[in-house]
Amino acid sequence: MIRAIDENDVESCVRVIRESFMTVAKQYNITVENSPYFTAFATDENRIHTWMHEQHRPMYGYFDNDKLVGYYNLFFSGEEECELGSLCVLPEYRHKGIGEILLDDSISRAKELGCNVMKLSIVEENTVLREWYEKHGFIHTETRKFDFFSFTAGYMEKEI
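These notes cover the structure that comes with them. (Residues numbered from 1 in each chain as written. Predicted model: local features only at pLDDT ≥ 70, side-chain atom pairs only at ≥ 80, totals over all residues. Heavy atoms only, no water.)

**Some points on the packing of helix α1 (residues 10–27) against helix α3 (residues 45–54)**
What counts here: What counts as an axis is a line fitted to C-alpha atoms, over the stretch in contact for a helix, and the angles between N-to-C directions run from 0 to 180 degrees. Put simply, DSSP H or I for four residues or longer makes a helix, DSSP E for two residues or longer makes a strand, and each gets a number counted from the N terminus. Oblique is the label for any angle not covered by the other classes, which are roughly parallel (under 35 degrees), roughly antiparallel (over 145) and roughly perpendicular (65 to 115). For any pair of crossing helices, the crossing counts as left-handed if the nearer helix is rotated counterclockwise from the farther one by less than a right angle, and right-handed if it is rotated clockwise. Contacts are residue-level and defined by heavy atoms, with any inter-residue pair within 4.5 Å sufficient. Ten residues, namely Ala, Val, Leu, Ile, Met, Phe, Trp, Tyr, Cys and Pro, are considered nonpolar, four, namely Asp, Glu, Lys and Arg, are considered charged, and the remaining ones, Gly among them, are considered polar.
Between α1 and α3, the shortest axis-to-axis distance is 9 Å and the interhelical angle comes to 115°. In terms of orientation, α1 and α3 fall into the roughly perpendicular class. Here α1 and α3 pass one another in a crossing that is right-handed. Contacts between α1 and α3 pair Val10, Glu11, Cys13, Val14 and Ile17 from the former with Glu45, Ile48, His49, Trp51 and Met52 from the latter. Across the contact of α1 with α3, the residue classes break down as seven nonpolar, one polar and two charged.

**Side note on the packing of aromatic side chains**
Heads up, the rule is: Under the pairing criterion, centres of Phe, Tyr and Trp rings, with the six-membered ring standing for Trp, must be within 6.5 Å; the plane angle then separates stacked pairs below 30 degrees from edge-to-face pairs above 60, leaving the rest tilted. To sort residues, take the accessible area from a 1.4 Å probe on protein chains only and compare it with the maximum for the residue type: under 20% means buried, over 50% means exposed, and anything in between is partly exposed.
Tallying each qualifying case throughout the model produces eleven aromatic pairs. Relative to Phe149, the ring of Phe146 has its centre 6.1 Å away and its plane inclined at 85°; by these criteria the two rings are edge-to-face. An angle of 25° between the planes, with centres 4.4 Å apart, marks the rings of Phe149 and Phe151 as stacked. The exposure class of Phe149 is buried, given its relative accessible area of 15%. A relative accessible area of 5% places Phe151 in the buried class.

In C-alpha cells form, the structure reads like this:
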C-alpha cells in the first residue's frame, strides 16, 4: 500500500533511503570519503524535515504490513517541471514490482500537481538502473562530473 509520509515516518524514511542507496555505494565503491553528499550518506532526519517543511516536497512510501519498504519524493523546481527524488526499495523487497508501482504512482501524483516534465538523476555508471528508467520512457539528457562525487551524475527526464 502506498500512502503519504508523515512525521511519524521520518526515522523509517532515513533507514530505507540509506539501506537502499548503500547497495549502489558498495557496488560502485562510493564511500563517505569520496562522495560525502551521496544519498546513502547525506540523508538524515534533518534532511527529511527540510524536504517536508521547507521545500514542501510530497513524499510517499510503500508499506508492507505497516513496514516502510519503498520511498520517493517530488521536488517542484519550475512551474511545469518536477524532480523525482530518492526513489528506492529495500534490497530484500526488490524484484517484486514495488519500484515500478512507486514510479507509476509518482508520475500520477506529479501530473495531478501540474508537472509536465519529470526529471531525475542517477549514478551514470549504474547502467541497469539507467536501462530500467529508459524502459519506463525516460530519456537520458546529460552527464556531469562533480568534485564531491566519485561517480558521474546522469540526468534523465520524461514528458508526463
